[in-house]
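What the coordinates show
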Amino acid sequence: DSGETMSHVRQQLRSQIVVALLGQTSAVNNVFTNRSYPLAQSELPALIVFTETEEIQNTTISDPVEQLRSVDLRINAYVEAISGVENVADSLCVDVEKALAQTNTIARSITLEGTSGMRPNVIGEAPVMEVTMSFLAHIVTLSDDPETAL
């Protein structure tokens with residue numbers, strides 16, 4: 001035992017996505033995970049990475065069972081602009097898609113499943129838009145080791 005603390009594959013995925021996005025979009029270093037407190041106007045544009053539901057499909061019979069984990073990965077994008085705020089938000093979404101397409105993570109695949117409509121948000125003086133990008137990440141583990149992706 002090396003004494004290293006492992007973490008669930010969902011936590012590893014979120015961390016890897018944050019690293020992949022840092023400095024690769026107009027949000028620059030304003031990329032957060034599981035943030036529950038409000039953003040400040042000075043932190044815009046920003047991305048918040050989180051995971052939601054996870055469906056598990058057992059793909060073998062003998063123990064430990066090989067499991068295909070389908071993880072709902074969400075990225076909320078927040079942008080502010082005096083005019084053309086929708087275009088600014090779309091531009092940030094393009095950056096996110098490109099960054100994730102060029103990134104290796106523990107997931108076998110990460111696919112964009114959809115993007116929400118733009119939602120107005122009140123953070124500062126200028127109009128702020130929030131948009132959620134929904135990805136599906138596939139990670140394979142063994143049933144006795146949810147910390148190690150195969």
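Residues numbered from 1 in each chain as written. Predicted model: local features only at pLDDT ≥ 70, side-chain atom pairs only at ≥ 80, totals over all residues. Heavy atoms only, no water.

Attention shifts here to the overall build of the protein chain. When helices and strands are counted, the protein chain shows two helices and six strands. Reading the helices (α) and strands (β) of the protein chain from amino to carboxyl end gives α-β-β-β-α-β-β-β. Taken over the C-alpha atoms alone, the protein chain extends approximately 60 × 35 × 25 Å along its principal axes. Across the 150 residues in the protein chain, those meeting the buried criterion constitute 41%. The contacts of the protein chain with a sequence gap of at least 6 include a subset with a gap of at least 24, amounting to 61%. (Helix = DSSP H or I, 4+ residues; strand = E, 2+ residues; numbered from the N terminus. Buried < 20%, exposed > 50% of the residue type's maximum accessible area, 1.4 Å probe, protein only. Contact = heavy atoms within 4.5 Å.)

So, on to unusual backbone geometry. What you tend to see is this: most non-glycine residues have negative phi, and most peptide bonds are trans. With an omega of -5°, the peptide bond running from Leu44 to Pro45 counts as cis. With respect to the element layout, Pro45 can be found in the loop between β1 (31–33) and β2 (46–58). Of note, the phi angle at Val28 is positive, near 50°, even though the residue is not glycine. Mapped onto the elements of the fold, Val28 is located in the loop between α1 (9–21) and β1. We note that Asn34 has phi near 50°; this positive angle belongs to a residue other than glycine. Relative accessible area serves as the criterion here: at 44%, Asn34 is assigned to the partly exposed category.

What follows deals with the side chain of Asn76. By the secondary structure assignment, Asn76 is in strand β3 (residues 66–80). Judged by relative accessible area, which is 8%, Asn76 ranks as buried. Side chain to side chain, Asn76 and Thr132 meet in a polar contact 2.7 Å long. (Polar contact = N/O pair within 3.5 Å; in protein donor to acceptor, adjacent residues only side chain to side chain.)

Right, let's get into α1. Look at α1: 18 Å from first C-alpha to last across 13 residues, which is about the 18 Å you get at 1.5 Å a residue. Residues Val9, Gln12, Leu13, Arg14, Ile17, Val18, Ala20 and Leu21 constitute the buried set of α1. At its buried positions, α1 is contacted by β1, β2, β3, α2 (85–101), β4 (109–115) and β6 (128–142). Positioned one or two residues after α1, Gly23 has a phi angle of 75°, which is positive. (Expected span 1.5 Å × (residues − 1).)

A separate point is the environment of Thr141. Along the chain, Thr141 turns up in strand β6. Judged by relative accessible area, which is 0%, Thr141 ranks as buried. For Thr141 and Asn58, which are 83 residues apart along the polypeptide, the C-alpha to C-alpha distance reads 9.8 Å. Among residues more than four places away in sequence, those in contact with Thr141 are Val9, Val65, Glu66, Gln67, Arg69, Thr148, Ala149 and Leu150. For Thr141, the side chain forms a polar contact with the side chain of Arg69, separated by 2.8 Å.

Two measures define how a pair of helices packs: the angle their axes make with one another and the distance between the axes. Closest axis-to-axis distance for the α1/α2 pair is 9 Å, and the angle between their directions is 115°. What the angle tells us is that α1 and α2 run roughly perpendicular. Here α1 and α2 pass one another in a crossing that is right-handed. Packed against α1, whose contacting residues are Ile17, Ala20 and Leu21, the element α2 presents Val96, Ala99 and Leu100 at the interface. (Axes fitted to C-alpha atoms, helices over the stretch in contact; angles between N-to-C directions. Parallel < 35°, antiparallel > 145°, perpendicular 65-115°, else oblique. Left-handed = near helix turned anticlockwise from the far one by under 90°.)

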